[in-house]
Amino acid sequence: MTEIDNAAYRIEKDSMGERQIPAGAYYGIQTLRATENFPISGIKPLSTYVDAGVLIKKATAIANGELGCISKEISQAIVQAADEVLSGKLRDQFVVDVYQAGAGTSHHMNINEVLANRALELLGDEKGNYKRISPNDHVNYGQSTNDVIPTAIRIGGLLALEKTLFPALSDAIAALDTKAEQFQDIVKSGRTHLQDAVPVRLGENFRAWAQILADHLVRIETASGDLALLGLGGSAAGTGLNTHPQYRFRVAEILSELIGIPLRTAPHLMAAMQSMAPFVNVSGALRNLAQDLVKISSDLRLMDSGPKTGFKEIQLPPVQPGSSIMPGKYNPVMAEMISMVCFQVMGYDTAIAFAAQAGQLELNVMMPLIAYDLIHSIEILGNAISALTQQCLVGITANSDRCLAYAEGSLALVTALNTHIGYLNAAAVAKESLETGKSLRQIVLERGLMSAEELAQVLDLEKMSAMPVNNSD
Ligand SMILES: N[C@@H](CC(=O)O)C(=O)O
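Residues numbered from 1 in each chain as written. Predicted model: local features only at pLDDT ≥ 70, side-chain atom pairs only at ≥ 80, totals over all residues. Heavy atoms only, no water.

Per an unreviewed UniProt entry, the protein chain goes by Aspartate ammonia-lyase and derives from Floridaenema flaviceps BLCC-F50.

Student: Quick rundown of the overall build of the protein chain? Include the residues and the values.
Tutor: The secondary structure content of the protein chain amounts to 18 helices and 8 strands. Taken against the 2.2 N^0.38 rule, which gives 23 Å for 473 residues, the C-alpha radius of gyration of the protein chain at 30 Å runs more than 25% over that of a compact globule. By principal-axis analysis of the C-alpha atoms, the protein chain measures approximately 100 × 55 × 35 Å. The burial tally for the protein chain puts 51% of its 473 residues in the buried class. (Helix = DSSP H or I, 4+ residues; strand = E, 2+ residues; numbered from the N terminus. Rg over C-alpha atoms; globule rule 2.2 N^0.38 Å. Buried < 20%, exposed > 50% of the residue type's maximum accessible area, 1.4 Å probe, protein only.)

Student: Provide a residue-level description of the nonpolar core, including the pertinent values.
Tutor: Grouped together as the largest cluster of nonpolar side chains are 91 residues, with contacts concentrated most on Leu165 and Ile385. Those elements that provide at least two residues to this core are helix 2 (47-66), helix 6 (145-182), helix 7 (202-224), helix 8 (247-259), helix 10 (277-303), helix 11 (333-356) and helix 12 (367-391). Examining the composition of this core, we find that 18 residues originate from one element, helix 6, more than from any other. With near-sequence residues (within four places) excluded, Ile385 lies in contact with Leu165, Ala168, Leu169, Ala172, Leu289, Leu293 and Ile338. One finds Val54, Ile74, Ala81 and Val95 within the second-largest nonpolar core, a separate group that totals 29 residues. (Core = buried A, V, L, I, M, F, W, Y, C linked by side-chain atoms within 4.5 Å. Contact = heavy atoms within 4.5 Å.)

Student: Describe the site of the ligand, with residues and values.
Tutor: As a matter of local geometry, the ligand sits amid Ala103, Thr105, Ser144, Thr145, Asn146 and Leu363. The separation between an oxygen atom of the ligand and a polar side-chain atom of Ser144 is 2.7 Å. When the free accessible area of the ligand is taken as 270 Å², the share hidden by the protein chains comes to 57%. Tallied by class, the residues present in the shell around the ligand amount to 2 nonpolar, 4 polar and no charged. (Near = heavy atom within 4 Å. Polar contact = N/O pair within 3.5 Å; in protein donor to acceptor, adjacent residues only side chain to side chain. Areas by Shrake-Rupley, 256 points an atom, 1.4 Å probe, with all protein chains shown as cover. Nonpolar A, V, L, I, M, F, W, Y, C, P; charged D, E, K, R; others polar.)

Student: Account for the environment of Ile380, with residues named and values stated.
Tutor: Residue position: Ile380 is located in helix 12. Overall, Ile380 belongs to the buried group, its relative accessible area being 19%. Not counting residues within four places of it along the chain, the set of residues in contact with Ile380 comprises Val341, Gln344, Val345 and Tyr348.

Student: So what's going on with the UniProt feature "domain: Fumarate lyase N-terminal" (unreviewed entry) in the protein chain? Residues and values would help.
Tutor: UniProt records the feature "domain: Fumarate lyase N-terminal" (unreviewed entry) for residues 17-347 in the present numbering. A distance of 41 Å separates the end C-alpha atoms of residues 17-347, which is 57% helix and 8% strand. (UniProt positions renumbered as here; feature names shortened; annotations may be inferred.)

Student: I'd love a proper account of helix 4 (residues 105-122), names of residues and values included.
Tutor: An ideal rise of 1.5 Å per residue puts 26 Å on 18 residues; helix 4 measures up with 25 Å between its terminal C-alpha atoms. Of all 18 residues making up helix 4, 15 are buried, and the element is well covered by its neighbours. (Expected span 1.5 Å × (residues − 1).)

Student: How would you explain the UniProt feature "domain: Fumarase C C-terminal" (unreviewed entry) in the protein chain if you had to name every residue and give the values?
Tutor: According to UniProt, the positions carrying the feature "domain: Fumarase C C-terminal" (unreviewed entry) are residues 413-464. Taken end to end, residues 413-464 comprises 69% helix and 0% strand; its first and last C-alpha atoms sit 9 Å apart.

Written out as structure tokens, the structure is:
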């Protein structure tokens with residue numbers, strides 16, 4: 001933590017005048033003005049987004065140093081300052097609310113100021129004495145909010161995906177696959193329209209969920225490919241004014257090395273800066289995942305419902321007492337939690353869609369909202385899926401007797417008789433069974449529709465619930 005002595009100030013000056021800055025602060029006058037202008041949510045920039053911006057500044061300092069645009073000494077000092085922030089230092093200096101100046105200029109200047117002041121200190125100069133290293137002239141050399149921020153959203157998105165969502169999804173898929181194996185032989189009633197349907201295997205329910213998540217993983221990975229094309233180097237309007245001709249290529253190479261993900265400069269910088277389509281694409285893929293996760297969490301809650309008055313075909317692990325008043329009650333809290341996270345992700349996706357279409361001419365100024373909503377979506381989804389896997393999926397047990405009893409009692413078993421006695425006869429059998437409580441078997445025999453042997457062969461729950469042989473090929 002940085003110690004700020006509020007009793008001591010330094011004076012900083014910008015194009016609007018002079019202000020007192022707390023002497024210990026690494027941010028400067030533009031950040032101070034932004035904190036005063038935007039007391040909106042109290043939510044500070046996500047740490048992954050700060051990392052992304054600082055990684056960009058490190059890469060641009062290296063590239064500009066190599067290309068002779070800033071001195072080697074200044075380049076190295078900025079890189080060292082960036083490394084300190086990336087290692088976790090000075091994190092309390094990123095203080096501008098997420099709802100802030102359009103395009104993200106305030107957060108961007110916050111980064112420029114913190115790095116400039118720390119780099120000055122490393123060279124033995126005073127914070128705020130920007131003669132040798134200026135936030136605008138050196139840390140921001142050849143850059144603009146307008147190319148840095150869309151790049152920071154790309155890098156932040158990629159980092160968050162790699163760190164949280166991709167591993168979380170892979171673990172959830174593995175956990176569901178394990179349960180699918182474990183429950184493969186358990187026959188249960190299918191339900192469509194929430195009414196009795198033909199029998200299925202509990203294991204196949206879990207296999208289907210694993211496949212659904214695996215398909216979403218591919219969709220999100222594919223969408224994230226769009227994030228690897230950078231508009232960095234376009235500076236203010238996509239023309240690259242004030243940049244070295246080699247800079248945009250070199251900076252993309254350096255950033256790739258820094259994050260370990262291949263990145264390229266976009267074929268048209270202006271297009272890459274103006275269009276928010278890559279973010280909409282990733283957010284849309286997240287929404288798509290969220291929608292299926294809500295369905296899966298709802299299925300888990302239904303199948304676990306009870307214990308006395310519901311299905312109770314499966315038991316989710318009890319992880320905490322459920323009720324403040326009803327003793328002995330355990331609720332499916334992990335599944336409830338993930339649904340709420342998914343609703344938030346869908347809300348963010350809607351907000352991102354509004355923001356994405358609000359660009360005008362050379363810039364989309366709504367980027368701060370897109371940055372927060374997209375990266376937060378990825379992170380909360382990743383964290384929620386991890387928590388669900390650890391606290392719920394891996395510990396699910398099955399109530400095979402209950403499953404079988406429902407399967408045996410399901411009127412929809414008559415479906416298997418269709419090809420033998422015809423749909424109308426089968427419907428009459430089902431109706432009589434429901435009215436009289438007699439078993440389907442008894443009624444078929446009483447009506448002389450099939451022989452006992454034939455019936456035993458057809459009403460074989462194992463066979464009826466088996467998946468087609470080549471299903472998982
Ligand atoms: N967003 C600013 C540019 C910048 O901050 O670099 C503008 O276009 O006015």
